[in-house]
Amino acid sequence: MIPQYLIDFDLNEIPVIDTDVIVIGSGIAGLFTAIKASEDRRVTVITKKSLMESNTRYAQGGIAAVISDEDSPASHREDTLMAGAGLCSSDSVNILVNEGPRGVEELITLGTAFDLENGELALTKEGAHSHRRILHANGDATGYEIVRALSEQVAGHANIDIWNDHFVIDLITEDNECLGALVQRPDGQRVFLRGNATILCSGGSGQLYRYTTNPEVATGDGVAIAYRAGALIRDIEFIQFHPTSLCYPGAPRFLISEAVRGEGAILRNIHGERFMERYHELLELAPRDIVARAIVSEMEATKSSVVYLDITHEDSDTIKQRFPTIYETCISYGLDMTSDWIPVAPAAHYMMGGVQTDQHGETSVTRLFACGEVSSTGVHGANRLASNSLSEAIVFGRRIVERIRGLEPLTKSGADIACRENRQDPVMQPIVERRLKLQKVMVRQVGLRRSKEGLMKGLEELKRQLPIFGAALHTREQLEFANMLTCALLLAESALAREESRGGHYREDFPERDDARWRRHILRHRDKGMLEEISDDV
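Residue positions are given per chain, counted from 1 along the sequence in the order it is written. For this predicted model, a pLDDT threshold of at least 70 governs which residues receive local features, and a threshold of 80 or more governs which side-chain atom pairs are given and counted, while totals over whole chains, interfaces and linings are taken from all residues. Side-chain metrics rest on all non-hydrogen atoms present in the structure, leaving aside hydrogens and water.

A. Representation of a positive patch on the surface. A cluster of like positive charges, contributed by Arg 210, Lys 440, Arg 444 and Lys 457, occupies part of the molecular surface. Relative to the assigned elements, Lys 457 resides in helix α12 (residues 452-463). Patches were defined on residues exceeding 30% relative accessible area and lacking a salt bridge, with like-charge contacts within 9 Å and nonpolar side-chain contacts (Val, Leu, Ile, Met, Phe, Trp, Tyr) within 5 Å. To be clear on the numbers: accessible area is Shrake-Rupley with a 1.4 Å probe, and residue cover counts the displayed protein chains and nothing else. A carboxyl oxygen of Asp or Glu within 4 Å of a side-chain nitrogen of Lys or Arg is what we treat as a salt bridge. Lys and Arg are tallied as positive, Asp and Glu as negative. Neither His nor the chain termini are counted. We put the charge of a Lys on NZ, of an Arg on CZ, of an Asp on CG and of a Glu on CD. Helix and strand definitions here come from DSSP, where helices need a minimum of 4 consecutive H or I residues and strands a minimum of 2 consecutive E residues; each element is numbered from the N-terminal end.

B. Fine view of the packing of aromatic side chains. The criterion for an aromatic pair is that two Phe, Tyr or Trp rings (for Trp, the six-membered ring) have centres within 6.5 Å, with stacked assigned to planes under 30 degrees apart, edge-to-face to planes over 60 apart and tilted to the rest. Applying the stated rule across the entire model yields four aromatic pairs. Taking the centre distance of 4.9 Å and the plane angle of 85 degrees together, the rings of Tyr 5 and Phe 9 count as edge-to-face. No difference in accessibility class separates Tyr 5 from Phe 9, as the two residues are buried. Judged by centre distance (6.2 Å) and plane angle (90 degrees), the ring pair of Phe 275 and Tyr 279 falls under edge-to-face. Only protein chains enter the area calculation, which uses a 1.4 Å probe; residues under 20% of their type maximum are buried, those over 50% are exposed, and those in between are partly exposed. Classification of Phe 275 by relative accessible area gives buried; the value is 0%. Relative accessible area serves as the criterion here: at 31%, Tyr 279 is assigned to the partly exposed category.

C. View of the sheet that holds strand β23 (residues 529-534). Spatially, β20-β18-β13-β22-β23 is the arrangement adopted by the five strands of the open sheet, whose pairing is mixed. In this open sheet, the two strands that pair with only one neighbour each are β20 (375-376) and β23. Across two bridges, strand β13 (residues 233-234) lies against strand β18 (residues 354-356) in antiparallel orientation. Residue pairing for β18: Arg 234 is matched across the bridge by Gly 354. Against the sheet, helix α5 (residues 221-228) engages β13, β18 and β22 (520-525), with an angle of about 40 degrees to β18. Between two residues, a contact is recorded if the distance between any of their heavy atoms is within 4.5 Å. Here an axis means a line fitted to C-alpha atoms, over the contact stretch when the element is a helix, while the angle between two N-to-C directions is reported on a 0 to 180 degree scale. With respect to the sheet, helix α13 (residues 476-497) is in contact with β22 and β23, its orientation differing from that of β22 by roughly 145 degrees. A strand pair is defined by DSSP finding two or more bridges across the two strands.

D. Spotlight on helix α1 (residues 28-37). Burial of α1 is extensive: ten of the ten residues sit out of reach of the surface. Those residues of α1 that sit buried are Ile 28, Ala 29, Gly 30, Leu 31, Phe 32, Thr 33, Ala 34, Ile 35, Lys 36 and Ala 37.

E. The arrangement of the side chain of His 349 in detail. Tracing the backbone shows His 349 in strand β17 (residues 342-351). In this structure His 349 comes out as buried when scored by relative accessible area, which is 14%. Between N or O atoms, a polar contact is any pair within 3.5 Å; within protein, one atom must be a potential hydrogen donor and the other a potential acceptor, and residues adjacent in sequence are included only when both atoms are from side chains. Polar contacts involving the side chain of His 349 include one to the side chain of Thr 213, which spans 2.6 Å. Look past the residues within four positions of His 349 in its chain and what remains in contact with it is Thr 213, Asn 214, Gln 240, Phe 241, His 242, Leu 255, Arg 288, Glu 373 and Arg 384.

F. The arrangement of the environment of Pro 101 in detail. The topology assignment puts Pro 101 in helix α3 (residues 90-109). Taking the relative accessible area as the measure of exposure, Pro 101 reaches 17% and is therefore buried. In this structure the C-alpha to C-alpha distance between Pro 101 and Ala 65, which are 36 residues apart in sequence, comes to 5.4 Å. If sequence neighbours within four positions are ignored, Pro 101 has contacts with Ala 65 and Val 66.

G. Molecular detail of the pairing of strand β16 (residues 307-310). In terms of strand pairing, strand β15 (residues 266-268) meets β16 through three bridges, oriented antiparallel. Paired with Arg 268 across the bridge in β16 is Tyr 308. Here β16 pairs with β17 via three bridges, running antiparallel. Residue Leu 309 lies in a different strand from β17, and its bridge partner there is Ile 342.

H. Expanded view of the environment of Asp 416. Positionally, Asp 416 belongs in the loop between α10 (388-404) and β21 (418-419). For Asp 416, a relative accessible area of 72% gives the class exposed. Each C-alpha atom, one on Asp 416 and one on Asp 10, is 7.5 Å from the other, the two residues being 406 residues apart in sequence.

I. Fine view of unusual backbone geometry. Here the phi dihedral of Ala 85 falls at roughly 55 degrees; this positive angle occurs in a residue that is not glycine. Looking at the element boundaries, Ala 85 is found in the loop between α2 (73-84) and α3.

J. Focus on the sheet that holds strand β14 (residues 239-246). Here four strands make up an open sheet; going across it, the order is β14-β17-β16-β15 and the pairing antiparallel. Here the strands that pair on one side only, and so sit at the sheet edges, are β14 and β15. Taking each pair of neighbouring strands and ignoring which way they run, the sheet shows an average axis angle of 45 degrees. Sheet topology note: the β14/β17 ladder contains six bridges and is antiparallel. Paired with Phe 241 across the two strands is Ala 348, which belongs to β17.

Shown next as structure tokens:
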């Protein structure tokens, strides 16, 4: 159904460029890993837009790590496991909570300027965290500050080559070993970039949905190319919908950080009623999946398209200082968060599952690694704890580099690898129309609430697009859509198979969590199909 390669090619006829380490993506995972690897390796960073364009750039809340003496790794571990709803890897979570503080120190060494309070690192609290352990920068521009600092390090490094505006079409493999990547240059030329190790750091898949907090580059490319290369994909059905994205005429679905609720904001329905007490004892600071579904329930009950986030009871100067980006964005659309309730609604935000890795980031394909949102390390389980994503990227990025340093040199050239499917049919329907249709199907049938009937209908509509894999694809937009379709099919099929509700996966026809049957992971493999794996969460 889904081929190993998206295009026809013969590596004997394509230019070959050699490097030591290939890094695909330029968010925190890609940049940090590239910096660490470049200490003793030549590194090529490939980004389909630019170094500064990634999900990380738009991360507002911060990065979670145990810094305060009042906090502990044991407490961070407990919070992470609770949010993960029985599907976290205990070992991976232990690694995260114990190695996270060291990662923060490295970010500071590399130039990241986190906010200070009385000369010490300022810490805030977010949903489902039991302590204040979220470091932030410039109030609510943490991601931007991290990417700024890391980009400056990468741009000036003699051992790092940066390929902006390049698109990775597929990974080249032989005998389940990754030899490198087939890359399309801005002018359409295709090259084979060969490397001793290839690291996927390509981010998430928010663009599968019509309403998302993710930038346009988040099209699930890494999951799709890894799946085609024969890597295992795990927990792809778990999508986190952020409860509070700005929902206002003329404005994009701009993220209103969880930290706003962490600093005292409350949710109200259109009648002005605070409602979270009817849904969870943690109120506005309940896990994201619970808050998001509560908002949808209130919207349905009141026949409204929004609820409101109210922080007007807090000091106005404090709000402006703590959330300057959110404040300025809202003001630009005529909303003053110090005096107005902000209209919000859930939007696709984060992909909990991804390419399965071990504790050093290696996938089921030798020499292929994954880091950041594209990966499934086992840290997030069925529902990511707020601000754990940035921590995960630096912790496992360092571990990947440690593993790479022990790899033997690549001996295969890949020279005789070719794909000859004789693809000729042009893509007739405009890609922009195909993409919009896919996004609408995902919102309506594979979104925040799911059912067998809806998922089957969604799959039927998605499968009508399968002929794209038999067509000759040339543009980035065409290749990107093929990746989106791959991810959408995997997601919908896995969601249909999981007959329970857990974390970021909610089935209206199976509303209860079923540990007896479903405390396990769904794995997807291009040749072996759908597999299951028992969770090691405790």
